[in-house]
Amino acid sequence: GFSYAEVDKELALQYFVQASAGKEGGGPNQAALFNAGRLFLELNDAASSLAHIRGCATLGEKYPEYASEQLSETCREAYGTLSTQLQ
């Protein structure tokens, strides 16, 4: 995903959204949720950005085995900052 992010944001976004959903036998990917949120924001889709960053922040509530506390905290901070900026 990162290799496409600067060249083709739409393709990178598709990759991150698919990875965040946990397809192909794996669980949801927390980093992909964050990266999808970041790219949605770069593409001026604030609502989708907030949804994915919130998903990253709260992933541990439903899927603790797929979440790290450090990334959850980063996502909580990002969600709070972005929410405030969009008001």
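The text that follows walks through the structure, step by step, so that each part is easy to find.

Conventions and cut-offs
- Residues numbered from 1 in each chain as written.
- Predicted model: local features only at pLDDT ≥ 70, side-chain atom pairs only at ≥ 80, totals over all residues.
- Heavy atoms only, no water.
- Core = buried A, V, L, I, M, F, W, Y, C linked by side-chain atoms within 4.5 Å.
- Buried < 20%, exposed > 50% of the residue type's maximum accessible area, 1.4 Å probe, protein only.
- Helix = DSSP H or I, 4+ residues; strand = E, 2+ residues; numbered from the N terminus.
- Contact = heavy atoms within 4.5 Å.
- Disulfide = S-S within 2.5 Å.

Quick look at the nonpolar core
As a rule of thumb, nonpolar side chains are buried together in soluble globular proteins. In this structure, Leu33, Leu50, Ile53, Cys56, Ala57, Leu59, Cys75 and Leu82 together form the largest nonpolar core, which totals eight residues. Secondary structure elements with two or more residues in this core: α4 (46-62) and α5 (69-86). It is α4 that provides the largest number of residues to this core, a total of five residues. Not counting the four nearest positions on each side in its chain, Cys56 is found in contact with Gln30, Leu33, Phe34, Leu71, Ser72 and Cys75.

A closer look at the state of the cysteines
Scanning the model with the defined rule gives one disulfide in all. Between the sulfur atoms of Cys56 and its disulfide mate Cys75 the distance is 2.0 Å. Because the torsion about its S-S bond is 60°, the bridge between Cys56 and Cys75 counts as right-handed. Of this pair, Cys56 sits in helix α4 while Cys75 is found in helix α5, placing the two residues 19 residues apart along the sequence.

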